[in-house]
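# Overview (structure and organization)
Letter by letter, the chains look like this.
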Amino acid sequence: MTAVETSSSERVTGQRLLRREDPELLTGEAKFVDDLAQQDVLHMAIVRSPVARAKIISIDTSAARAIDGVVGVYTGRDLKDLWQQPMPCAWVVTPDMKNPAHFPLAVDSVNYMGDAVAVVLANDKVIASDAVASIEVEYEELPPVLDLEESATDKVVIHPELGTNTSYVWALEPDNAKLEAAFSSAAHVVKGRFVQQRLIPSAMEPRGLLIVPQPYGGEYTLYSSTQIPHILKIMIAVTLGISESKIRVVAPSVGGGFGSKLNVYAEELLAFTLAKKTGKPIRWMEERSENALATVHGRGQIQEIELAADSDGKVLGIRANLLADMGAYLQLLTPGVPLLGGFLYHGLYDVAAYSFKCTGLFTNKTPTDAYRGAGRPEATFAIERGMDLLAHEMGIDPAEIRRRNFIPKEKFPYSSSPGLVFDSGNYLPNLEMALEKVGYSKLREEQFQLRSQNSKKHLGIGLSCYVEMCGLAPSKVLASLNYSAGGWEAATVRLLPTGKVQVVTGTAPHGQGHETSWAMIVADRLGINPDDVEVLHSDTSISPHGLDTYGSRSLSVGGTAIFMATGKVLDKARQIAAHQLEVAPEDLEYQDGNFSVKGSSEKKMALGQVAFEAFTAHNLPDGMEPTLEATTTWDPPNFTFPFGTHIAVVEIDEDTGDVKLVKYVAVDDVGNQINPMIVEGQIEGGIAQGVGQALFEEAIYDESGNLLTSTLAEYLVPSATELPNFELGSTFTPSPSNPMGVKGVGEAGCIASPPAVINAVVDALSTFGVKHIDMPASPEKIWNAIHQD
Amino acid sequence: MFPASFEYVKANSIRDAISILSDDDDAKVLAGGHSLLPLMKLRLAAPGTLVDIGGIRELSYIEDKGDHIAIGALTRHHDIEHSGLLKESVPFLSYVASLVGDPSVRHRGTIGGSISHGDGASDLPAAVLALDGDLVVEGPSGERIIKASEFFIGFLETALGQGEILKEIRVPKITGGWSYQKFNRRAQDWAIVGVAAVSVGETKVSLVNMGSVPLRAYATEETLKNGGSIEEASEKASEGLQPPSDLNASAEYRKHLAKVLVNRALTETLAQ
Ligand SMILES: Cc1cc2nc3c(=O)[nH]c(=O)nc-3n(C[C@H](O)[C@H](O)[C@H](O)COP(=O)(O)OP(=O)(O)OC[C@H]3O[C@@H](n4cnc5c(N)ncnc54)[C@H](O)[C@@H]3O)c2cc1C
């Protein structure tokens, strides 16, 4: 690791500190939104469409209104005049992007199973649920559009006012002539068509909210299980026309999000509207099956990738073409998600010619949006499957084909053909470490042995090398992508009169352990104990500025802001200490929480003492403002580019098609690490989630557009019993783009693992002539693949 | 999700429960609740009254009766899994119980509930079928014994009459081999297909999730009895059956799995 400025004789960062968040989570003391007590609260429940596409003929709410305890029933028609604007989509990816108006309640038509059509307020949640069951909605069903390729034909147009199902076509074609030349001169061209199935994010805590109108002043506090309290606040103000100064958003303990809580949802806007109308606090808690229908889904793409390579297997050009499923409407970031991967379809390989095209299409399904990795798992899957296809076609070992194509260390910072600048990378040693750790050559021997014995057990070894772009995001780059916000992050570091430190961050942790890591950053810089650092977050009245948590941004953007604000505080403290010790600031050394005069052991001043002096302001340098506090808003100069190698080993039972993941090695390079234990936790959870995509999970709709996987009995999230012990390792290539050399780790695991697992499955089945298996690779699919000829 | 509203009665004795049940055809027994409550929450069942027998202590036991073992209907899966007596005399049943759901399901669910529910996808009904066990039931007109092979009638339908409660399950001690093959994707799931084989004198084979009820593989058993090989017997595994098609498996794949698993179960059983 490279040295980072520090004031501790013993580094705090780099240690496996236990997470301070965990005791209250493990003992059930943590307060999630549904744990917040509130008197005199109304319970909200939503009537949802049971059909995929229909005209609403009539809604009969009379039975519901007659139920004792029901306070109000509202349809889209009743409320539509209260909404100034449709629900927000913050990413207009092309000037002519088509975006159907989408309101919190459907007015005339419904467009997916789960679309909200009416809302009930009642004194009790069970009464609210009974009332929902008693509401009669008459639908005139229309034929739904469920398949992407069918959607593209426009035979049935979902939103007639748009005239087409195509929301946008977005292309990145830096040099078509060069690309054509690469393909025409290629010795080998391989093509793959891969389906990225729809996934249901399935955060452990579904969404929920509590809104409390203040009795006077027209102010509202919204407690929401969200990843984005800051963005939500702005969006509510803009969408509902309520003054931003009247809105406070708080995210209490949040039980996971994975991108699914990076949104502005109908229920949040509905609750606001109804709280304003009734003047009463309102509570809503999503049910598990409702979560499967009404919270955004992830992925949902058909990918085509073509690789042109020379006779040595060196990739000359890549062409990627996607159909991306938007679902029925555009949510906050829906159209942009596939494009986040659009720059990375060449992976970590040095490829000179490139093109990427994405067509965003509407279907009569739940809207899609960001889901852990957002665009990058899809890109990584396509290129890593593509590299295996190429290796197979050429009879080259999958590890060797990757070695031949890596961007060499000397080329960093590397300007990629799609137009990014990769900050730093050193791919080869990372791959070699993973191969060594998994015992690659021994595994290949074992595989050979089994095959020569005609065993019915088939061993498969799958590699996946990935690079991702995280640390969202340089604001100017976001501007060039037409994203309607910046990508900076804010932090305030404040010394309290007693010498304790308060950190205010604009990140919004929901499981990542920011409180622990942020305290470690400050403690390291100030040479103090992390227990003396308090971290405040996720309440817009405490932390007014912020852009929240997603896209592996929190450490490299938010953590850097904290690091820099801490530096400013230390500079001011130095001036105060110098003034009081009557020396020049340069004559002071700072270590382990004390300023001391160079060469003198007597003349010193503890940081806590300086803090008290700054508080009393009795003796500060002339013109200096009292208190010790600094704020930094950090706009990163570039993305960060973590990378790594994951290797999966599977065993397949030829007789049943059963597949078992028996070994998994991951060597990740996320730059410098603040808390390696938290890094491992992020990687492990990510791998499990990616294995879920590879082998288990899929949102399945029937031919009428009914979601069949709406409970956790049908939507198969894997548990620890389905997973081997992951063997993890790290290499360290610091990012030059921020002072701590950090890169971010939130999404790496689920970016790398799906192709590793599928490459292993296909490797195991290669003796049967199998070239690809779409995810999830279920036993039946595998059995069919083995037995088709 | 919330169930429709219902009345709740706690029964203090079997007689107590029977008298409430026989007066009210809209009442249902509540044991561990791990099959009934999910159905109620999905509003696929909406009984007017739940008669909770969970407090009737004398219904939970595992006793050695010489030629057989008697198990009280309220015995939890966890207790069956860990019973020393069963591990010694009917290890097959302990093993099957250990594969039901996950630990929290095994701590709540009862063998009587599982059998009375009669789900063709459940493990314990098939186990009791392969053991050719007897079921002791008590109702308004007294006690009777129903053979496990005559208990499962249709989809979630059993031979229990109105007001009748399953009291006890009787299974023979196992002298020969046994095997249970449960094929699923995640450890906590129901079997996509399961096969139980037990040798007590002759070999009996039962199938999980190969039809709307727990099934005996009679064609397989016949083939074995007539001296057929394991291969030949497994070929008959799904003869005459119409297994379900669902998200986990098509009917055709289920038939194939049944063959493979019967083969494995018989191989393991007959090797012991
Ligand atoms: C997540 C989950 C996973 C599961 N996985 C599996 C699995 O892998 N394999 C498996 O076999 N099962 C599985 N189960 C079901 C579980 O084993 C149930 O506990 C069992 O099927 C029912 O037992 P119970 O005591 O909970 O019955 P209850 O739910 O209380 O009752 C079930 C039915 O039987 C009736 N009943 C109950 N007791 C009696 C009695 N003594 N006399 C007459 N009628 C009675 C009730 O009226 C009701 O109709 C799972 C359940 C869950 C929730």
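Residues numbered from 1 in each chain as written. Chains lettered and ligands numbered in written order. Predicted model: local features only at pLDDT ≥ 70, side-chain atom pairs only at ≥ 80, totals over all residues. Heavy atoms only, no water.

## Some points on the sheet that holds strand β14 (residues 315-327) of chain A
Residues and elements named next belong to chain A. Filter applied, for reference: Two strands are said to pair when DSSP picks up at least two bridges between them. A helix here means a DSSP run of H or I that spans at least four residues, while a strand means a run of E at least two residues long, and both kinds are numbered starting from the N terminus. Under this scheme, a helix contributes an axis fitted over its contacting stretch, all axes are lines through C-alpha atoms, and angles between N-to-C directions fall in the 0 to 180 degree range.
If you trace the 5 strands from one edge of the open sheet to the other, you get β7-β15-β14-β13-β8, paired in mixed fashion. At either margin of the open sheet sits one strand with a lone partner, and together these are β7 (166-172) and β8 (188-199). Each strand of the sheet is rotated relative to its neighbour by a mean of 10°, with strand direction disregarded. Pairing geometry for β7 and strand β15 (residues 353-362), over 6 bridges, is antiparallel. Considered in β15, the bridge of Val169 is made with Thr359.

## Structural notes on the site of the ligand
All names here are of chain B. Cut-off, in case you're wondering: Here, proximity means that at least one heavy atom of the residue falls within 4 Å of the molecule or strand. Distance and chemistry together define a polar contact, namely a pair of N or O atoms within 3.5 Å, with one atom able to donate a hydrogen and the other to accept it when in protein, and with adjacent residues in sequence counting only for side-chain atoms on both sides. Residues were grouped as follows: Ala, Val, Leu, Ile, Met, Phe, Trp, Tyr, Cys and Pro as nonpolar; Asp, Glu, Lys and Arg as charged; and all remaining residues, including Gly, as polar.
The environment of the ligand is formed by 29 residues, the closest being Val29, Gly33, His34, Thr110 and Asp123. Between the ligand and Val29 there is a distance of 2.5 Å, counted from an oxygen atom to a backbone nitrogen or oxygen. One of the backbone nitrogen or oxygen atoms of Ser114 is found 3.4 Å away from an oxygen atom of the ligand. Considering every element that reaches the shell around the ligand, the biggest residue donor is helix α7 (residues 111-117), with 4 residues. Here the residues of the shell around the ligand sort into 12 nonpolar, 13 polar and 4 charged.

## Details of the domain arrangement of chain A
Residue and element names in this part refer to chain A. Applied cut-off: Each domain's extent was defined by an automatic or database domain assignment. Contacts were defined at the residue level, with two residues in contact if any of their heavy atoms lie within 4.5 Å. Using a 1.4 Å probe, buried area is obtained as the accessible area two parts lose upon being combined, added over both of them. Salt-bridge detection follows one rule: a side-chain nitrogen of Lys or Arg within 4 Å of a carboxyl oxygen of Asp or Glu.
Along its sequence, chain A is organised into domain 1 (22-30 + 488-634), domain 2 (33-142 + 206-254 + 261-294) and domain 3 (298-472 + 638-786). Computed from C-alpha coordinates alone, the two centres of domain 1 and domain 2 are separated by 40 Å. In this complex, domain 1 contributes 18 residues to the contact, which on the side of domain 2 involves 15 residues. Interface area for domain 1 against domain 2, summed over the two sides, is near 1,300 Å², with a carbon-plus-sulfur share of 53%. Ionic pairing is found between Arg248 and Asp539, a salt bridge with its closest N-O pair at 2.7 Å. Counting the contacts that link domain 1 with domain 2 gives 9 residue pairs in polar contact (both at pLDDT 80 or more).

## Topic: the nonpolar core
In summary, soluble globular proteins display a tendency toward joint burial of nonpolar side chains. This is how the line gets drawn: Only buried residues count toward a nonpolar core, which is a set of Ala, Val, Leu, Ile, Met, Phe, Trp, Tyr and Cys residues joined through side-chain atoms within 4.5 Å. Type-normalised accessible area, obtained with a 1.4 Å probe on protein chains alone, sets the label of each residue: buried when under 20%, exposed when over 50%, and partly exposed for intermediate values.
One finds Met44, Phe356, Phe422 and Val761 of chain A to be the most contacted residues of the largest nonpolar core, which totals 161 residues. Residue contributions to this core peak at 11 residues, all from helix α20 (residues 748-765) of chain A. Two domains share this core, each providing at least three of its residues, namely domain 2 (33-142 + 206-254 + 261-294) and domain 3 (298-472 + 638-786) of chain A. Apart from residues no more than four positions distant in its own chain, Val761 of chain A is found in contact with Val650, Ile652, Val659, Leu695, Ile773, Ala777 and Ile782 of chain A. Among the nonpolar cores identified, the runner-up in size contains 61 residues, and Ile80, Ala148, Ala196 and Val213 of chain B belong to it.

## What to know about unusual backbone geometry
All names here are of chain A. That bond from Phe412 to Pro413 is cis: its omega, -5°, falls within 30 degrees of zero. Secondary-structure assignment places Pro413 in the loop between α12 (398-405) and β16 (414-415). For Asp40, which is not glycine, the phi torsion reads 60° and is therefore positive. Assignment of secondary structure puts Asp40 in the loop between α1 (22-26) and β1 (42-48). Using a relative accessible area of 54% as the deciding quantity, one classes Asp40 as exposed. One non-glycine residue, Thr627, adopts positive backbone phi at about 65°. Structurally, Thr627 is set in the loop between α18 (607-616) and β25 (628-634).

## Regarding the sheet that holds strand β2 (residues 27-30) of chain B
Residues and elements named next belong to chain B. Judged by pairing direction, the sheet is parallel, and its 3 strands sit side by side in the order β1-β3-β2 without closing on themselves. Strands with a single pairing partner mark the edges of an open sheet, and in this sheet they are β1 (7-10) and β2. Across the sheet, the mean angle from the axis of one strand to that of its neighbour is 25°, orientation sign disregarded. Across 4 bridges, the pairing between β2 and strand β3 (residues 49-52) is parallel. When the sheet's bridge partners are listed, Val29 is paired in β3 with Val51.

## Focus: the side chain of Asn291 of chain A
All names here are of chain A. As for its placement among the helices and strands, Asn291 is situated in helix α9 (residues 288-294). Taking the relative accessible area as the measure of exposure, Asn291 reaches 5% and is therefore buried. Within the structure, the side chain of Asn291 is placed 2.8 Å from the side chain of Glu286, a separation counted as a polar contact. Aside from chain neighbours lying at most four places away, what touches Asn291 is Ser202, Pro206, Arg207 and Glu286.

## Here we look at the packing of helix α11 (residues 376-394) of chain A against α12 of chain A
Residue and element names in this part refer to chain A. Keep this limit in mind: Just so you know how the angles are binned, under 35 degrees is roughly parallel, over 145 roughly antiparallel, 65 to 115 roughly perpendicular, and the rest oblique. Here a crossing is taken to be left-handed if its near helix is turned anticlockwise relative to the far helix by less than a right angle, and right-handed if that turn runs clockwise.
One way to put it is that α11 packs onto α12 with a least axis distance of 9 Å and a crossing angle of 110°. In this view, α11 runs roughly perpendicular relative to α12, as classed from their interaxial angle. The hand of the α11/α12 crossing is right-handed. Of α12, the residues touching α11 (which contributes Glu384, Met387, Asp388, Leu390, Ala391 and Met394) are Pro398, Ile401, Arg402 and Asn405. Residue composition of the contact of α11 with α12, by class: 6 nonpolar, 1 polar and 3 charged.

## A few points about the packing of helix α7 (residues 229-240) of chain A against helix α8 (residues 266-278) of chain A
Helix packing geometry: the angle between the two helix axes and the distance between the axes. All names here are of chain A. Two elements in contact, α7 and α8, have axes separated by 11 Å at closest approach and are oriented at 60°. As judged from the angle between their axes, α7 and α8 are oblique. Between α7 and α8 lies a crossing of right-handed hand. Contacts from Leu232, Ile236, Thr239 and Leu240 of α7 reach α8 at Glu268, Leu269, Phe272 and Thr273.

## A few points about the interface of chain A and chain B
Listed by partner, the interface residues are 31 residues for chain A and 18 residues for chain B. Counting the surface chain A buries against chain B, the share from its top three residues, Thr656, Glu780 and Trp783 of chain A, is 25%. Where chain A touches chain B, the interface holds 3 salt bridges. Residue Arg43 of chain B is joined to Asp130 of chain A by a salt bridge in which the shortest nitrogen-to-oxygen separation is 2.9 Å. Our enumeration of links across chain A and chain B arrives at 10 residue pairs in polar contact (both at pLDDT 80 or more). Top element by residues in the side of chain A that touches chain B is helix α4 (residues 125-134) of chain A. It accounts for 5 residues. Residue composition of the side of chain A that touches chain B, by class: 15 nonpolar, 7 polar and 9 charged.

## So, the pattern of salt bridges
Residues and elements named next belong to chain A. Here the structure, examined in full by the defined rule, presents 58 salt bridges over all chains. A salt bridge links Arg48 to Glu267; the shortest N-O distance between them is 2.8 Å. With Arg48 in strand β1 and Glu267 in helix α8, the pair connects residues that are 219 residues apart, well separated along the chain. Here Arg48 matches Glu267 in class, with each residue buried. Two residues, Lys233 and Glu244, come together in a salt bridge whose shortest N-O distance is 3.9 Å. Highlighted residues: Lys233 in helix α7 and Glu244 in the loop between α7 and β11 (247-250), separated in sequence by 11 residues. On the accessibility criterion, Glu244 (38% relative accessible area) is partly exposed.

## Let's talk about the environment of His618 of chain A
Mapping His618 of chain A onto the fold places it in the loop between α18 and β25. Put simply, His618 of chain A and Gln39 of chain A are 579 residues apart on the chain and 47 Å apart in space, counted from C-alpha to C-alpha.

## Remarks on the pairing of strand β18 (residues 457-467) of chain A
Residue and element names in this part refer to chain A. In terms of burial, β18 is a largely internal element, 10 of the 11 residues being buried. One ladder, built from 11 bridges, connects β18 with strand β26 (residues 643-653); its direction is antiparallel. Its bridge partner being in β26, Tyr466 is matched across the sheet by Gly644.

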